[in-house]
Structures are given as C-alpha cells and as structure tokens.
Amino acid sequence: MAESTPIIAVDKVSKIYGNANASTVALKDVSLSIAKGEFVSLVGPSGCGKSTLLRLIADLDKATQGTLLVNGHAPDVARKNREYGFVFQAPTLYDWRTVERNAELPLEVMGRAKADWKPRVDKMLAMVGLRDFHDHYPWQLSGGMQQRASIARALSFDPAILLMDEPFGALDEFTRERMNMELLDIWQTTHKTILFVTHSISEAVFLSSRIVVMTPRPGRIATVVDIDLPYPRTFETRESPRFFELMTVVRETLKEEFVGHE
Amino acid sequence: MTNSVTLNESTGADRQGRSMPRWLWLLSGYLIAFVLVALIWEGSKAIFEIPDYKLPHLAQIAEAFVRPTPKGPVWLVLLQDAAYTAFEALVGFTLGSVTGFAIAVLFQRYLPLRRGFLPYVIASQTVPIIAIAPMIVVGMGRLGAPPWLSKSIIAAYLTFFPVVINVLRGLESVDRDALLLMRSYAATDNQIFRLLRLPASVPYLFTALKISATASIIGAIIGELPVGSTRGIGVQIVVGSQYNTFNPGFLWATIIMAALLGMAAYALVALAEKRIVKWKREE
C-alpha cells in the first residue's frame, strides 16, 4: 500500500485553538499517510479533531505544528492547484443557481473553457442521478438530492482527491445507505482518493478500505483498522459476520480509550 | 390581476366545495375590505358628528373626482400631476438606489470606511426632511436647476438609506461554508464578490427597493410643498388644504391619488422582484 509516495501525508501535526491563556488542543501529534486511490474514513466522537484534520488538509485552516503534504505540495499550494474537491455536511448550494449552474461553479471560478462546462456537468449529474433535475433550484430538491448535487459539483473539475466532511450526517438512515452505495460506485468509476469524515461506525466500515479511529481531548489517532471486506460492497455486505466483527473492533477501540481516560 | 390568479391557483386548495364564481371569490376580499372601511368612515362621521370640512362623505370625494374643470375632469388633472410627481420620484429613486448600492459595496469592501461613515449615514435620516426640504428647493432654484431636480434630490435622500443598510446586510449574509467553498476553489476576492456576495444580496436589495419606492414618492411630494412649486400632486394637496372649507372632497381626492401613486410604485418593484428573484421558495 505504501510503496508509492502517499497522496496525502500528515506528519506530527498539532492544532491549538485560542491563545496562551485559554487554549484548546484540537489535534496532537497526528501522523497519517494515504495512498492514491484509497477510501479512508476518519471516525470518532465529537471533539476528536476529525473535521479539523480534514480542514487542515484542505487549507481551510492552518496547522499550529507539523507538516502536511497534499499530492506532494504544501496545503496552500495544493488548494491553489485545485487538487481536491470538498463536500460539506450541509450541501452549501447557492440558492440562486440551478443544479446545473451550481455544478458549473468551480469550472467558472477556475476559468475553464465555457464549451467544456456543459458536457462535464452533464456527465457528473448523470453519475449522481440528477440529470432530470438540472434546471431545478436547490429548494426544489430533497436533502439527499441536494447533497448529490454538491458531490457532482465537487467532481465537476475532476480533482484527484475528494474530501468529505460528514456529507450524509443530516440524512435519514435509508437515504444515507443508498447514498453510501452510490458513493462507492462513484469511487470505483472515477478512481478518486476519498477522505471521509463520519461519526457513524457502520458507515465507515461499509465504505472504507481503511478506518482511522480518533479520540478526543486531545484529538489524536487511537488506531487504524484495515477493512478487508471485498469490493464491490452490496446490501449483503452489511449482513455479513465480518462486517459486524470489524464494527466491533472499531467500537472496542473507542470504548477502551474512554475507559482508559476515566 | 393575472398574477394574483396564478398565485391563488397554486395555493387554492382552501377554495374547494365553494359554489360562487371564481372571479367573485377572488374579488370578495377587496369588496369586504372596502365595505368595512366605508362603514367605519361614515359610521364615525355620524356618531361623532364630524363636520364635512374635517371628514367629508365618501360620496363628496367621489363627486370631487369627476367634477369638470377647464382642463378636464378633476381625476384627469390629478393624474397628470401624479405623473409629474412620479417622474420626479423615479429620477430620485434611481439616483438614490444607485448611490446607496455603491455606498453599501464600498462599506462592505473597506471596513474602515464603514466605521467612519456609517454614523453620518444614520444621522442623515434623523434630520427632519420637512425642515431641510425648503432649503434644498430654494437653494437649487437659485442655482438655476430645473424645478423637478430639487424634488428628485429629496426623493433620492430618502431612497438611499434603506438601500445602504439592506444591501450591506445582504452582502454580509453569506454563510461561512459558502465562503469556504470559494476558498477551496482558490477564488479571487473579485470572484467571491461577483459570484457569491452580489447574488446573495439581491433579495435584500428588493426589500430595500420596496421601502424606497414609496419613500421616494413621499420625498418628491415633500419637495413640492414649499411655496413656488407649480406642478405635482404635492401642489394639489396644498391647494386642497387651502380650499378645504369650501370644497371638502377635493383634498381627499388628492390624498387618495397620492396613495395610489405610492401603491403603484410599490407594486412595480414587487413585480420586478417576482420576475428577477426566481430562485426563492414560493410563499
């Protein structure tokens, strides 16, 4: 897995919020290496720093200590190179743009040739199953459809990396499971590297090739679990004994950490 | 009218089971409101024995509208004056909105400017406009400006303020993740402004323009009140109040015409909003 250079490399990274008088250690000495094409999930309870780590990688926030490399570059350079697409927990669609125009937004910002917008966006909307809704405004879509539109937007400019911050956290269980399947399809057709933040253990086990289990106060990596469930994963995967074993492994890690702290 | 029809169609489930004709059902609200206002009007006149010069009969007002004059019936004369006032207000409205918008954009982009100038912008609206209107009218008249321009300036003065405040709020109304999204694309400040802040401010702009539309009419009318003005619905209001004892219906005819003018201005902006802001949930 690690023979080629990692696409994301995090080395002894710490993030401290606040000043000398009142400070919170959001991340402490976190090191992590992700290979091209992996699907890695960051799992842990609130306050474990999983979203913070994602935002440091995306250069939406700055690390206090340590080094990060994204596709071989410092995060700010990687951001300016448009190496990643970011999907927020809220769909963050622009109300005044139709689904199609929303998906075109990064292409417009990045100055891509206008002739390329439509074919590119059509393809992405077809992939997320929104082709028939291209001229709808965000308020006309359900929460699941809005999130699909935001995934299409993140993929429209074909970044190598997809950073997803609890993208399905606000969806109901049924919609979430369907979106999980669709995301795996997208991952397998596009060969993106996906870094996925969630607090759902079952979601992480179902999706990932590797799970990074994080614990709070201070935020750090407790363990990394390889998920050896074969792809493509199906509804039956969720019912297999191995699925439950892996869920238990992750859950036990989190439990030990909590017990260890008391 | 067509607009209210489509609106009622989309929300008209509550009409089911009624047997009255559709047009009557749609008009019934206007009828009920008018009858109620008329009852209160004539009722209080009868009960409190209010004389005609203080509150004329509705019939007297109606009669004042259709009375003939050398220049045609009164309603036509008033309509012409209202059109003149509308012109003054429109010039002022345009001037005020454009200025207000530009000020809001400057304030949003340069925080020190906002800190320094916002107190003056707010202070400008605490000055009683009725006190400085004559100064503007007389002063500009001496400078040789056309008579309508001073009225437009007063209209602009009342227009720009709601635009500054609301557009500023609109430009700042974007949420954090919407901004971070732009950051993730490495967007320039100009792109963030053009593709995010500006469109986000449009609904706020229309809220302001609806206030400003009526305010600009009031501004123009206030500008017409000082002695020396010859045209406009404000002049007719002055004439009406001078002859009120002899002709009590006329003053109210001018007031109603002024009110209709304000309502028309509001309706025009609301219509433009409906055409332009297509992305909002239907209310």
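Given the structure is predicted, the values throughout are model-derived calculations rather than measurements.

**Student:** I'm lost on the overall build of chain A in this one. Help?
**Tutor:** Looking only at helices and strands, one finds 8 helices and 9 strands in chain A. Rg of the C-alpha trace for chain A: 18 Å, near the compact-globule value of 18 Å for 262 residues, within the 12% margin. Principal axes of the C-alpha set define a box for chain A whose edges measure 55 × 45 × 40 Å. Within chain A, buried positions represent 44% of all 262 residues.

**Student:** I would appreciate a short explanation of the overall build of chain B in the present structure.
**Tutor:** When its secondary structure is counted, chain B shows 11 helices and 2 strands. Walking chain B from its N terminus toward its C terminus, one meets helices and strands in the order α-α-α-β-β-α-α-α-α-α-α-α-α. When the 283 residues of chain B are sorted by exposure, 31% land in the buried category.

**Student:** For this particular structure, what's the right way to read the interface of chain B and chain A?
**Tutor:** Interface extent is often summarised as the accessible area lost during association of the parts. The partner chain A presents 18 residues to the 14 residues of chain B that form the contact. Counting residues per element, the ones that place at least two in the side of chain B that touches chain A are helix 8 (176-184) and helix 9 (189-224) of chain B. Top element by residues in the side of chain B that touches chain A is helix 8 of chain B. It accounts for 6 residues. Across the side of chain B that touches chain A, the residue classes tally to 9 nonpolar, 2 polar and 3 charged.

**Student:** Explain the sheet that holds strand 1 (residues 8-18) of chain A here, please?
**Tutor:** By definition, the strands of a sheet pair up through backbone hydrogen bonds, in either a parallel or an antiparallel sense. All names here are of chain A. Pairing in this open sheet of 3 strands is antiparallel, and the strands run 2-1-4 from one edge to the other. In the strand order of this sheet, the two ends are held by strand 2 (23-34) and strand 4 (65-70), each with one partner. Going across the sheet, the axis of each strand differs from the next one's by a mean of 25°, ignoring polarity. Pairing between strand 1 and strand 4: 5 bridges, direction antiparallel. Bridging across to strand 4, Ala 9 finds its partner in Leu 69.

**Student:** Quick question: what am I supposed to make of the nonpolar core here?
**Tutor:** Side chains that are nonpolar tend, in soluble globular proteins, to be buried together. Ranked by size, the top nonpolar core spans 74 residues in total, and within it A:Ile57, A:Ala152, A:Leu163 and A:Leu195 carry the most contacts. The contacts of A:Leu195, once residues within four sequence positions are left out, are A:Ile8, A:Ile34, A:Val40, A:Leu54, A:Ile57, A:Ile161 and A:Leu163. B:Ile136, B:Val164, B:Ala220 and B:Ala258 belong to the second largest nonpolar core, which has 48 residues in total.

**Student:** Whenever I open this one, the domain arrangement of chain A confuses me. Can you help?
**Tutor:** Residue and element names in this part refer to chain A. Here chain A is described as being made up of domain 1 (8-83 + 160-261) and domain 2 (95-158). Contacts between the two partners involve 11 residues from domain 1, matched on the other side by 9 residues from domain 2. The element that contributes the greatest number of residues to the side of domain 1 that touches domain 2 is helix 6 (residues 173-190), accounting for 5 residues. Of the residues assigned to the side of domain 1 that touches domain 2, the class counts are 7 nonpolar, 2 polar and 2 charged.

**Student:** What should I look at first to understand the domain arrangement of chain B in this one?
**Tutor:** We note that the domain assignment places domain 1 (19-50) and domain 2 (64-276) within chain B. Domain 1 of chain B and domain 2 of chain B are separated by 32 Å when their C-alpha centres are compared.

**Student:** Hey, could you run me through the confidence of the model for chain B in this one?
**Tutor:** One rule of thumb: low pLDDT means the predicted coordinates there are not for detailed reading. All names here are of chain B. Chain-level statistics for chain B give a pLDDT mean of 90 and a share of 93% at 70 or above. Looking over chain B, one finds the lowest element-wise mean pLDDT in helix 1 (residues 2-11), namely 43, and the highest in helix 4 (residues 74-109), namely 96. Taken as a whole, residues 1-13 scores under 50 in pLDDT and shows 4 contacts with residues more than four places along the chain or in a different chain.

**Student:** Just to check I follow, could you spell out the sheet that holds strand 9 (residues 220-226) of chain A for this structure?
**Tutor:** All names here are of chain A. Strands sit in the order 5-6-7-3-8-9 across an open sheet of 6 strands; the sheet is mixed. Each of the sheet's edge strands pairs with one partner strand only, and the pair in question is strand 5 (84-87) and strand 9. On average, each strand axis in the sheet is tilted by 15° relative to the strand beside it, whichever way the strands run. As judged from the 5 bridges shared by strand 6 (residues 161-165) and strand 7 (residues 193-198), these two strands associate in the parallel manner. In the sheet register, Asp 165 faces strand 7, and the bridge partner there is Val 197.

**Student:** Can you help me understand the pairing of strand 6 of chain A in this one?
**Tutor:** Residues and elements named next belong to chain A. Counting buried residues in strand 6 gives 5 out of 5 residues, a clear majority hidden from the surface. Across 4 bridges, the pairing between strand 5 and strand 6 is parallel. Bridge assignment links Tyr 84 to a residue of strand 6, and that residue is Ile 161. As a crossover connection, the stretch from strand 6 through helix 6 into strand 7 is right-handed.

**Student:** What's the story with the packing of helix 3 (residues 99-109) of chain A against helix 4 (residues 114-127) of chain A in this structure? I'm lost.
**Tutor:** Packed helices, taken two at a time, are described by the angle between their axes plus the distance between the axes. All names here are of chain A. Relative to each other, helix 3 and helix 4 sit at 120°, their axes nearing to 10 Å. Classed by the angle they form, the pair helix 3 and helix 4 counts as oblique. In the crossing of helix 3 with helix 4, the sense of the turn from one axis to the other is right-handed. In contact with Val 99, Glu 100, Ala 103, Glu 104 and Leu 107 of helix 3, helix 4 contributes Trp 117, Arg 120, Val 121, Met 124 and Leu 125. Here the contact of helix 3 with helix 4 is built from residues that sort into 7 nonpolar, no polar and 3 charged.

**Student:** Honestly, helix 1 (residues 50-57) of chain A in this entry has me stumped. Any pointers?
**Tutor:** An α-helical turn contains 3.6 residues, so any two residues separated by three or four positions project in the same direction. Residues and elements named next belong to chain A. Summarising burial for helix 1: 8 of the 8 residues are buried, a large majority. If you check which residues of helix 1 are buried, you get Lys 50, Ser 51, Thr 52, Leu 53, Leu 54, Arg 55, Leu 56 and Ile 57. Of the residues flanking the end of helix 1, it is Asp 59, one or two places downstream, whose phi is positive at about 60°.

**Student:** Looking at this structure, I do not really get the packing of helix 3 (residues 58-66) of chain B against helix 11 (residues 248-276) of chain B. What am I missing?
**Tutor:** Residue and element names in this part refer to chain B. Interaxial distance between helix 3 and helix 11 falls to 8 Å at its minimum, and their mutual angle equals 75°. It follows from the interaxial angle that helix 3 and helix 11 lie roughly perpendicular. Of the residues in helix 11, those in contact with Gln 60, Ile 61, Glu 63, Ala 64 and Phe 65 of helix 3 are Pro 248, Gly 249, Phe 250, Trp 252 and Ala 253. Classifying every residue of the contact of helix 3 with helix 11 by side-chain character gives 7 nonpolar, 2 polar and 1 charged.

Quick notes on the rules
- Residues numbered from 1 in each chain as written.
- Chains lettered and ligands numbered in written order.
- Predicted model: local features only at pLDDT ≥ 70, side-chain atom pairs only at ≥ 80, totals over all residues.
- Helix = DSSP H or I, 4+ residues; strand = E, 2+ residues; numbered from the N terminus.
- Rg over C-alpha atoms; globule rule 2.2 N^0.38 Å.
- Buried ≥ 20, exposed ≤ 12 C-beta atoms within 10 Å, placed from the backbone.
- Contact = placed C-beta atoms within 7 Å.
- Nonpolar A, V, L, I, M, F, W, Y, C, P; charged D, E, K, R; others polar.
- Pairing = 2+ DSSP bridges.
- Axes fitted to C-alpha atoms, helices over the stretch in contact; angles between N-to-C directions.
- Core = buried A, V, L, I, M, F, W, Y, C linked by C-beta atoms within 7 Å.
- Domains from an automatic or database assignment.
- pLDDT = per-residue confidence, 0-100.
- Right-handed = clockwise from strand over helix to strand, strands pointing away.
- Parallel < 35°, antiparallel > 145°, perpendicular 65-115°, else oblique.
- Left-handed = near helix turned anticlockwise from the far one by under 90°.

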